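# Report on the structure
Residue strings, one per chain:
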Amino acid sequence: MSDTAAADAAAAQAPAPAAATPPEAPQPPDAPTPPEPDTPADPTSASGEAGADADVSEEVPSDADASGEAGSEEVAAVEGASGGAGADADGAEEPDGGAADAVAEGEGAADASGGAGADAGGDAPAEGTAEAGPQLSEAAAELAAQKIERERIARRKAEREAPVEAGAKLSGTAADLLAAVRAVESGGKPPAAFDAPPAPRRPEPAQAQTQAQTQAPAPARTPVPAPAPQADAPSPDAVQAVRAVLARGEAPESLAAQTAAALGEDAAAQLAESPWRLLAVAGIRPTQADGFARALLGGEATGPGDERRAAALVSWLLAQAAVKGHTVLEAPTLESALAQYGVPDPAEALETAVAEGTALAFEEPVGPPVGASAEDEEQPVRILVGLEGSAMAEESLAEGLARLANTFTDPADWDKAATGTGAELIRTAAGHGLVAHTGGEAARAEPRALAVAAGEFGLRVCLAAHAPAEGAVTVAGLLAGAEGPGRDADGQFALDLLIVLDAPQLDVETAALLVESVPDGARLVLSGDPAVLGSAGPGRVFADVLAARACPQLVSRIPDPGPIGELVSGVGVGELYQVDAPGKEVVIVPVRDAGEAVHRTVQLVAESVPRAFGIPAEAVQVITPGHGGPAGTRALNAALKERLNPGPGRFLGFDPGDRVVHVPSAGRALPARVVSADAQGLHLAGAAGARIVVPKERVEAQVRHGWAVTAHQAVGSRWPAAVVVLPGDAAQALSRDWVYTAFGRAERHLSVVHGVDQALPRAVAEVPAKPRTTRLTALLRTLVQSAAAQPE
């Protein structure tokens, strides 16, 4: 920061030194915001009165010591970091137990937008311990969000009230369970009446062209329907059979369709045999499944030690861990979690679950290999347990990566093209089948240069990215066959070189599908920034490939330019630097409470940034830690819609011109704009003019307003300007990778609406990305060692 700017900031705000500034008393969430001035402030002046409206010209230049006067409210309703879920923010740091405590508490929510996520569920006691409810899927969270949005619009427009919800006349256990499920879906605390005491325990024996590929046609731009859910819808007979079983167990019959979809056509038989299979339904928790089992089985329910209950809990705990990014868990971690849910002999229960195929167990060596001379010394191992899908995907991925590295036998001489940007990457890719490339936003120019050079040598090249990007197809579109070169007769991509940008966003299952589709002898380049938020799905593919050192690795030397680049680079190494921002490229807007944060954010987007920088409001992206809370995406989107595109929300809360994100599947959030609506559904205009039709029955689950998004939803994309909102109730949700990702979404201007006091520098310095337990690194190392031991 320049001395003049620092002096102006000090004169305007007069804060005490950051390290010594105590937080002010908490401000009520509904504290009135200051009135707007009659005339806009001069863009060249600096007014910094505490009550002044936010204006770029009035903001405090970026400074690690420029702390907002934030209240110290506890975290309210912020996202679980799946991620992505996927997910955005846990709302609180994990206890010392790490994955063990996180799983035992049932934390985590998939950020199905890139990670779209869900608000934290309410707490409810489990057998012998307090239980935090699992966080919801994006579909469930967004369903609740859209209902809230419609109710707000209805009140504002004095329209008729919404119809009475189905099931309102239920009573007894059914009403209690329905209320509990809805409480979980809305992020609230379930009714205490439902948390019945556990059954008595008895001892039991436990059991596009810049693909550089002229041969591939450009992606079609005709309107296409949104992709249908991967799983086939259950038959009416299956749903009816499940409804009958739920009724016998005094559970809401409205869960029938979800249960049948989760368990398959024989869902009724599965529930009748093991009522705890209800845990496979999103939003259902162990206490609820226990109540259902007691009602359905009566005297046949044997209590917490029932083998069927233990098996269902193993699956549920591993599914909760997958939401937080783990592909496996260490056996002691899982046993600890089972004990907290009242399983009397967790070790035996886990052993039985593995023997029956509920989960898979693996041994992984710990430490350096024991030499042949140490005859009496055994190699230490750790036991890992995982669900079949993620565990098998990791093994398939490791084998696929090793295959590409070992079947490449046609090095090329590309020295003539290896000049300027990307020269080192071009030379390395010429001689290897698998290459890893790391760097920030500016470093993306290097793999693009490689694509152009390879195309000039006649190779069939495809450049793929996580989010829509100029000259690149999306990974999802490539796998679906909607974009890119298509597949040959063997089902593999018709290409010679695949370059994947945003490689940190690959989860294990997506990466396995991608690698399996690359033909023998082709080249694969994985490129990305290791410091950004990880994938919304389970795994840490890019980080594991780097850790295994299974292929050549290149670190880009291209720095991200300007004050924003300097700030983001510092965050990446754990420092919140003071930066010179003579053109106000980076500014901080201190706020005292969530109400002021929303008010100033709206003014920044609608007035200050457009006036000071000539950036239109539609090119300004708001990023905040979570969906819920008084300054989450829902509240911000409601305020921004009212200011930028007011309307009655005639189609499920949306109007033509609304800025939205389309979430066709977990981990993908595609920016779009509402065009119209008709009997077919909601018509959206996506990237590069692509037209999408979302059927009416999927709008609530797949579309949300998009003026404000979470960092997981924003990863992979950039905007001319970004407004990062840090309300006081999100202080504990912040981490270094979250801040790095959010700040790095801005190209020309970054405003930070700052209400977290010292939590921001503390998160950057002390809160690294949460670890994920995976097997890929060890698998790759083993394959590399085996290949090295093979005779030439």
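Definitions and limits used
- Residues numbered from 1 in each chain as written.
- Predicted model: local features only at pLDDT ≥ 70, side-chain atom pairs only at ≥ 80, totals over all residues.
- Heavy atoms only, no water.
- Buried < 20%, exposed > 50% of the residue type's maximum accessible area, 1.4 Å probe, protein only.
- Helix = DSSP H or I, 4+ residues; strand = E, 2+ residues; numbered from the N terminus.
- Contact = heavy atoms within 4.5 Å.
- Arc of directions from axis to C-beta.
- Pairing = 2+ DSSP bridges.
- Axes fitted to C-alpha atoms, helices over the stretch in contact; angles between N-to-C directions.
- Parallel < 35°, antiparallel > 145°, perpendicular 65-115°, else oblique.
- Left-handed = near helix turned anticlockwise from the far one by under 90°.
- Nonpolar A, V, L, I, M, F, W, Y, C, P; charged D, E, K, R; others polar.
- Patch = residues over 30% accessible without salt bridge, like charges linked within 9 Å, V, L, I, M, F, W, Y side chains within 5 Å.
- Areas by Shrake-Rupley, 256 points an atom, 1.4 Å probe, with all protein chains shown as cover.
- Salt bridge = Lys/Arg side-chain N within 4 Å of Asp/Glu carboxyl O.
- Lys, Arg positive; Asp, Glu negative; His and termini not counted.
- Charge placed at Lys NZ, Arg CZ, Asp CG, Glu CD.
- Phe/Tyr/Trp six-rings, centres within 6.5 Å; stacked < 30°, edge-to-face > 60°.
- Lys NZ or Arg CZ within 6 Å of the ring centre and 35° of its normal.
- Polar contact = N/O pair within 3.5 Å; in protein donor to acceptor, adjacent residues only side chain to side chain.
- 1 Å grid on protein atoms, 1.4 Å probe; cavity = no way out; pocket = protein on both sides within 12 Å on 5 of 7 lines; lining within 4 Å.
- Points joined across faces, edges and corners; volume = space filled by probe spheres on them.
- Core = buried A, V, L, I, M, F, W, Y, C linked by side-chain atoms within 4.5 Å.

Time to look at helix 13 (residues 423-431). Among the residues of helix 13, Ala 423, Leu 425, Ile 426, Thr 428, Ala 429 and Ala 430 are the ones counted as buried. For helix 13, the elements touching its buried residues are strand 8 (434-438), helix 14 (445-456), strand 12 (523-528) and strand 13 (553-555).

This part takes up helix 11 (residues 346-355). Side chains of residues three or four places apart in an α-helix project in the same direction, reflecting 3.6 residues per turn. Listed as buried for helix 11 are Pro 346, Ala 349, Leu 350, Thr 352 and Ala 353. All buried residues of helix 11 project into a common sector of 160° when viewed along the axis, lining one side. Exposed and facing more than 90 degrees away from the buried side of helix 11 are Glu 351 and Ala 355. Looking one or two residues past helix 11, Gly 357 carries a phi angle of roughly 85°, positive in sign.

Strand residues, when the strand is regular, have side chains that alternate between the two faces of the sheet. Burial along strand 11 (residues 497-500) is two-sided: Leu 497 and Ile 499 and Leu 498 and Val 500, pointing in opposite directions, are all buried. Both strand 9 (residues 461-465) and strand 11 contribute to a ladder of 4 bridges, which runs parallel. What sits directly across from Leu 463, in strand 11, is Ile 499. Both strand 11 and strand 12 contribute to a ladder of 4 bridges, which runs parallel.

A few words now on the packing of helix 9 (residues 307-323) against helix 10 (residues 331-340). One can describe the packing of helix 9 onto helix 10 by two numbers: an axis separation of 10 Å at closest approach and a directional angle of 120°. Classified by the angle between their axes, helix 9 and helix 10 sit oblique to one another. Relative to helix 10, helix 9 is oriented so that their crossing is right-handed. The segment helix 9 lies against helix 10, with Ala 310, Leu 313, Val 314, Leu 317 and Leu 318 engaging Leu 334, Ala 337 and Leu 338. Classifying every residue of the contact of helix 9 with helix 10 gives 8 nonpolar, no polar and no charged.

Below, the discussion takes up the environment of Gly 583. Relative to the helices and strands, Gly 583 resides in the loop between helix 18 (562-572) and strand 14 (586-590). Here Gly 583 falls in the partly exposed class, since its relative accessible area comes to 36%. Sequence-wise, Gly 583 and Arg 748 are 165 residues apart; in three dimensions their C-alpha atoms are separated by 9.8 Å.

Before going further, it helps to spend a moment on a negative patch on the surface. Together, Glu 307, Glu 348, Glu 351 and Glu 356 give the surface a local cluster of negative charge. By the element assignment, Glu 348 lies in helix 11.

Below, the discussion takes up the pattern of salt bridges. Scanning the model with the defined rule gives 17 salt bridges in all. Among the salt bridges present, the one from Arg 308 reaches Asp 306, with a minimum N-O distance of 2.9 Å. In this structure, Glu 330 engages Arg 382 in a salt bridge whose closest nitrogen and oxygen atoms are separated by 3.1 Å. Taken together, the residues span a long stretch of sequence, with Glu 330 in strand 5 (residues 329-330) and Arg 382 in strand 7 (residues 381-386) at a distance of 52 residues. A relative accessible area of 23% means that Arg 382 is categorised as partly exposed.

The full count for this structure, using the stated rule, is 2 aromatic pairs. Judged by centre distance (5.7 Å) and plane angle (90°), the rings of Trp 316 and Tyr 341 are edge-to-face. Of this pair, Trp 316 sits in helix 9 while Tyr 341 is found in the loop between helix 10 and helix 11, placing the two residues 25 residues apart along the sequence. Assigned by exposure class, Trp 316 and Tyr 341 land together as buried. Each ring, one from Trp 414 and one from Phe 457, has its centre 5.6 Å from the other, and the planes form 10°; the classification is stacked. Residue Trp 414 is located in the loop between helix 12 (388-407) and helix 13, and its partner Phe 457 is located in the loop between helix 14 and strand 9; the two are separated by 43 residues in the primary sequence. The ring of Phe 362 is capped by Arg 775, whose NZ or CZ atom sits 3.6 Å from the centre of that ring.

A separate point is the side chain of Glu 483. Within the fold, Glu 483 resides in the loop between helix 15 (475-480) and strand 11. Within the structure, the side chain of Glu 483 is placed 2.6 Å from the side chain of Thr 474, a separation counted as a polar contact.

Two modes of strand pairing occur in sheets, parallel and antiparallel, and in both the strands are linked by backbone hydrogen bonds. Strands sit in the order 5-7-6 across an open sheet of 3 strands; the sheet is antiparallel. The open sheet has two edge strands, strand 5 and strand 6 (360-365), and neither has a second partner. In this sheet, strand 7 lies alongside strand 5 in antiparallel orientation, the contact comprising 2 bridges. Its bridge partner being in strand 7, Glu 330 is matched across the sheet by Leu 384. Running over the sheet, helix 12 touches strand 6 and strand 7 and is turned about 40° from strand 6.

Approximately 170 Å³ is the volume found for the largest cavity. What lines the largest cavity is a set of 18 residues, among which Glu 441, Arg 444, Asp 502, Gly 528 and Asp 529 lie closest to the centre. Split into classes, the residues belonging to the lining of the largest cavity amount to 5 nonpolar, 8 polar and 5 charged.

As a further point, take the sheet that holds strand 9. Spatially, the 6 strands line up as an open sheet ordered 10-9-11-12-8-13, and their pairing is parallel. For this open sheet the edge positions go to strand 10 (473-474) and strand 13, each flanked by a neighbour on one side alone. Bridge count between strand 8 and strand 13: 3 bridges; the pairing is parallel. What sits directly across from Ala 436, in strand 13, is Gln 553.

What follows covers the nonpolar core. Membership of the largest hydrophobic core comes to 43 residues, with the highest contact counts inside it found for Val 242, Leu 246, Leu 271, Phe 292, Val 314 and Leu 334. Within the residue set of this core, elements represented by two or more residues are helix 5 (236-248), helix 6 (256-263), helix 7 (267-273), helix 8 (286-297), helix 9, helix 10 and helix 11. No other element matches helix 9, which puts 8 residues into this core.

On to the packing of helix 5 against helix 6, then. Running from N to C, helix 5 and helix 6 cross one another at 115°; their axes reach a closest spacing of 8 Å. Relative to helix 6, the element helix 5 is oriented roughly perpendicular. The two elements helix 5 and helix 6 meet at a crossing, and its hand is right-handed. Residues Val 239, Val 242, Arg 243 and Leu 246 of helix 5 touch helix 6, and the partners they reach there are Ala 256, Ala 257, Thr 259 and Ala 260. A per-class count over the contact of helix 5 with helix 6 returns 6 nonpolar, 1 polar and 1 charged.

As a further point, take the environment of Ala 494. In this structure, Ala 494 sits in the loop between helix 15 and strand 11. In the structure, Ala 494 is positioned 24 residues away from Val 518 in sequence and 8.3 Å away in space, judged by C-alpha atoms.

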